[in-house]
Amino acid sequence: MNHEIREELFPLSKCLDFDNVEDVKTALVNTMIRVVGVDPQIASPREWYVTLAYLMRGHLSERGMHTARDQYGKDLKRVYYLSMEYLPGRRLMKHLLDMRIEPQMRAALACFKQDLDEICEQEKDPALGNGGLGRLAACFLDSMATQGYPGYGYGIRYEFGMFSQTIENGQQVEHAENWLQEGNPWEVVRHEITYPVRFGGRVVHFNDELGTESARWIETTDVIAEAYDIMETGYGDGIAVTLRLWSARSTQDFDLRYFNEGNYIDAVKEKTVSETLSKVLYPMDTTLMGQELRLKQEYFFVSASLQDIFRRFRKTHPGSLRLLPEKIVIQLNDTHPALAIPEMMRLLLDEHKLSWDEAWCITRNTFAYTNHTLLPEALETWPISMMQALLPRHMEIIYKINHLFLQEVRRTFPGDGDKLKRMSLIDDERQRVRMANLAVVGSSRVNGVAELHSRLLRERVFPEFDVFYPNKFVNVTNGVTQRRWLLQSNPPLAELICEAIGDAWITDLNRLRDLESMAEDASFSKRFMEIKDQAKKRNAAMIAQRCGVAAIPGSLFDTHIKRIHEYKRQLLNILQVVARYNRLRANPSSDLLPRTVIFAGKSAPGYFMAKKIIRLINDVAEIVNHDPITRDSLKVAFVPNYNISTAEILIPGADLSEQISTAGTEASGTGNMKFALNGALTIGTLDGANIEIREEVGEENIFIFGLTAAEVAARKAQGYNPWDYYNADPELRQVLDMVRDGFFCCEEPDRYRPLVENLLQGGDAFMLLADFRSYMETQENVDTLYRDQKLWAKKAILNVARMGKFSSDRSIHTYAQDIWDVTQMTPPPHCK
Ligand code: 26Q
């Protein structure tokens with residue numbers, strides 16, 4: 001392909017000068033009239049939002065073309081990030097900040113009597129994910145773009161994202177999240193980029209002309225995958241990363257003409273059945289197993305993505321599939337896209353007629369797999385019968401991969417039948433396919449997401465694989481993008497930092513170290529604390545509006561926000577709150593430090609215990625917030641519908657970050673990093689990335705409590721008895737008795753009996769009782785320190801200064817070096 005001639009014919013050169021306010025004004029008016037079709041004289045804030053979005057999208061598209069031309073021209077190796085979830089947050093302000101044109105845009109809008117912040121508020125927050133894993137994918141796209149890596153994201157364009165949550169009578173109620181109802185101005189539909197995705201049918205084997213055995217997958221039911229692109233440029237607006245989301249479309253339109261009148265309605269029904277594939281995100285962040293629709297979603301997305309990846313590869317390397325691992329790498333975000341491994345085998349074997357050994361060599365060297373969980377019950381498995389019915393050819397391929405793999409294992413570990421059983425891709429007893437084992441065998445690298453997690457993965461989850469594949473397991477500690485989690489979510493703090501040390505930290509977070517010298521500077525500390533105070537006021541206003549709770553002015557804002565899960569131990573926190581309440585009531589004149597305890601998070605709709613915990617928090621809030629003895633020194637708020645946009649307000653406005661999972665259960669956590677970056681101190685266990693945060697900030701600047709992962713394991717091995725703690729600790733006993741006996745729910749005294757029984761009779765799987773006393777004592781240390789505002793400020797500033805490691809830029813550089821083997825591009829020039 002001759003790019004130079006084309007370049008001449010279609011130069012990417014004349015575009016809008018965003019620094020010229022008059023030009024921006026003209027462009028806005030033109031876009032509104034010609035594209036949105038609205039008269040600017042009467043436009044609503046929403047119509048202004050759509051106008052801005054289209055204007056920016058046009059620019060992003062131009063950046064995308066520059067990047068694509070560069071990548072094709074230089075034949076660069078590409079990274080494909082496959083993730084079932086993305087939580088990118090609102091786009092508008094992000095792009096204005098990336099392009100550094102926020103002031104110009106604000107000024108242009110002011111001329112039209114419009115307020116940029118109000119306009120930004122119009123945007124729906126795309127909730128195409130559950131929690132950490134989805135947000136990580138979004139941080140990674142931002143970092144890839146900012147740091148200039150040739151990357152693409154693939155995912156599903158769910159019509160209904162994560163449900164929106166309200167709290168009614170203290171309980172979670174789920175509502176459909178119809179985020180596309182009013183359209184999505186950031187996406188571009190690619191009607192010409194569609195692929196068929198096949199399901200069901202059967203496989204026939206035959207010998208081809210050359211006498212080699214071939215397989216054909218026939219009599220399938222097909223669905224069409226249609227591409228929607230969202231462009232992402234990073235800070236400085238240099239390089240673009242495309243996020244391509246697949247939407248399911250029926251193939252049935254074609255068949256309709258063959259149908260007689262009587263079958264018409266049924267034919268349309270069929271059509272809607274195929275289109276349910278991209279209808280809704282599964283709102284659980286562990287595998288509640290066996291939903292056929294979920295398996296179909298996984299294959300749908302994987303099959304479309306691989307067809308697209310192959311198409312792009314063949315454009316530049318026709319007929320040389322052996323080059324694939326040199327030119328592309330596919331990162332699997334957990335096992336959800338692990339079917340990509342047998343799918344690539346199928347394409348290479350059945351469609352490209354490669355030999356098994358060649359196909360396997362290419363496949364294994366193309367994939368890498370990130371694991372995000374240690375909980376054994378959260379490892380994905382699928383019933384063989386379901387896979388057999390839906391993906392018969394893949395099932396054959398998986399059996400063959402397994403057969404050859406186990407043969408090798410047998411040679412290395414002769415006579416160890418148990419080991420073979422554990423390593424098998426098939427769980428014979430339960431008749432299920434183990435997706436994690438498939439992903440490990442089919443990838444060149446497997447990584448955990450924090451040091452401890454990666455070590456425990458090797459020691460506890462995949463010990464046999466670790467011996468068998470000595471260099472396969474690596475660590476890449478998670479990170480977060482400072483562009484969203486400081487620059488965008490906390491502008492006053494970002495500005496203070498820029499004034500003090502310049503703006504290099506925006507793309508190189510290690511530069512924050514320069515703040516260390518200001519930790520004891522009186523005027524810097526003062527401004528730092530004023531900014532925190534402002535952020536708390538903004539936070540308090542949001543909380544008042546959203547849940548009607550009045551935060552206590554000047555109190556310590558103690559914040560626990562994340563998915564509601566037993567292992568994350570929101571229950572331990574609320575038990576601590578009850579103990580605090582009891583102390584206040586027992587001693588009303590004590591000067592216990594005033595606190596506002598803030599919770600937010602969603603429970604999986606079918607997760608009984610998590611839903612009880614939400615209700616308990618709300619019931620406790622109801623009593624505590626209205627008790628005249630305590631209401632001025634203790635407030636509890638549950639903020640409904642936690643999402644990226646609420647996190648952007650809650651995190652800057654927090655003093656204390658709760659990261660209190662049972663040691664050895666939280667893979668990494670990323671909220672912990674966002675809080676510390678905004679100057680909150682952490683109270684946490686030695687779990688996930690908390691350990692590395694402690695290493696960075698120093699143990700005197702973090703509140704660590706509780707058992708270590710090793711101690712948890714030892715205690716369990718000895719036989720852990722929660723009653724020992726109940727009997728030995730009167731304060732704990734009083735708290736548990738109150739919850740169990742209905743103190744917080746007089747109208748239904750047994751409401752929380754199951755929660756307490758789960759702890760006492762049920763064995764307390766997450767060891768809340770074992771850690772309770774240590775947690776209480778550490779919370780007292782928090783109170784003591786908070787009374788010394790100067791010392792608190794110093795520690796908070798040191799936390800910010802020492803967060804350099806936790807930028808997703810660092811994570812991405814590590815992936816690029818250790819796993820992907822890709823290099824940074826130089827940003828193409830900006831047009832003027
Ligand atoms: C799988 C199959 C069927 C239905 C749902 C799922 C499913 C969906 C989402 C399973 C897991 C998830 C999400 C997991 C997740 O968010 N894990 C978090 O990942 C973060 C980023 O690495 C870590 O920081 C957190 O510690 C981890 O909990």
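Scroll up to find the structure this text is about.
Here's what I pulled together on the structure shown here. A quick note: this is a predicted structure, and the numbers were derived from the prediction, not measured. (Residues numbered from 1 in each chain as written. Predicted model: local features only at pLDDT ≥ 70, side-chain atom pairs only at ≥ 80, totals over all residues. Heavy atoms only, no water.)

**Overview of the overall build of the protein**
Helix and strand content of the protein: 34 helices and 22 strands. Judged by the C-alpha coordinates and their principal axes, the protein covers about 90 × 75 × 60 Å. Put simply, the protein has 832 residues, and 61% of those count as buried. A separation threshold of at least 6 residues defines the contact pool for the protein, and within that pool the share at least 24 residues apart is 78%. Element-wise, carbon and sulfur atoms account for 50% of the exposed surface of the protein, whose accessible area totals about 32300 Å². Counting 98 positive and 114 negative side-chain charges, the protein places the averaged centre of each group 1 Å from the other. (Helix = DSSP H or I, 4+ residues; strand = E, 2+ residues; numbered from the N terminus. Buried < 20%, exposed > 50% of the residue type's maximum accessible area, 1.4 Å probe, protein only. Contact = heavy atoms within 4.5 Å. Areas by Shrake-Rupley, 256 points an atom, 1.4 Å probe, with all protein chains shown as cover. Lys, Arg positive; Asp, Glu negative; His and termini not counted. Charge placed at Lys NZ, Arg CZ, Asp CG, Glu CD.)

**Overview of unusual backbone geometry**
One non-glycine residue, Gln431, lies in positive phi territory at about 55 degrees. Here Gln431 is to be found in the loop between strand S13 (426–427) and strand S14 (432–434). A residue is classified by how much of its surface remains accessible, and Gln431, at 41% relative accessible area, is partly exposed. Residue Asp821 is not a glycine yet carries a positive backbone phi of 55 degrees. Structurally, Asp821 is set in the segment after helix H34 (808–820). On the basis of relative accessibility, which here comes to 57%, the residue Asp821 falls in the exposed class.

**What to know about the pairing of strand S21 (residues 681–684)**
Remark: a regular strand shows side chains that alternate across the two faces of the sheet. Taking every second residue as pointing to the same face, both faces of S21 are buried, with Leu681 and Ile683 on one and Thr682 and Gly684 on the other. Note that the unit made of strand S20 (residues 656–659), helix H26 (residues 671–677) and S21 has a crossover that is right-handed. Across two bridges, S21 lies against strand S22 (residues 703–704) in parallel orientation. Its bridge partner lying in S22, Ile683 is registered against Phe703. (Right-handed = clockwise from strand over helix to strand, strands pointing away. Pairing = 2+ DSSP bridges.)

**A word on the pairing of S20**
On S20, burial covers both faces: Leu656 and Glu658 on one face and Ser657 and Gln659 on the other are all buried. With two bridges connecting them, strand S17 (residues 556–561) and S20 associate as parallel partners. Residue pairing across strands places Asp558 opposite Leu656, the latter belonging to S20.

**Details of the sheet that holds S14**
Across the sheet, three strands lie side by side as S12-S14-S13; this open sheet has antiparallel pairing. Of all strands in the sheet, those bounded by a partner on one side alone are strand S12 (381–383) and S13.

**Some points on the pattern of salt bridges**
Applying the stated criterion across every chain, the model contains 66 salt bridges. When the shortest N-O distance is used, the salt bridge between Arg294 and Glu298 registers 3.0 Å. Taken together, the positions of Arg294 and Glu298, both in helix H10 (residues 292–316) and four residues apart, correspond to about one turn of that helix. For the pair Arg294 and Glu298, a shared accessibility class is recorded, and that class is buried. (Salt bridge = Lys/Arg side-chain N within 4 Å of Asp/Glu carboxyl O.)

None of this, on its own, says anything about what the molecule does.
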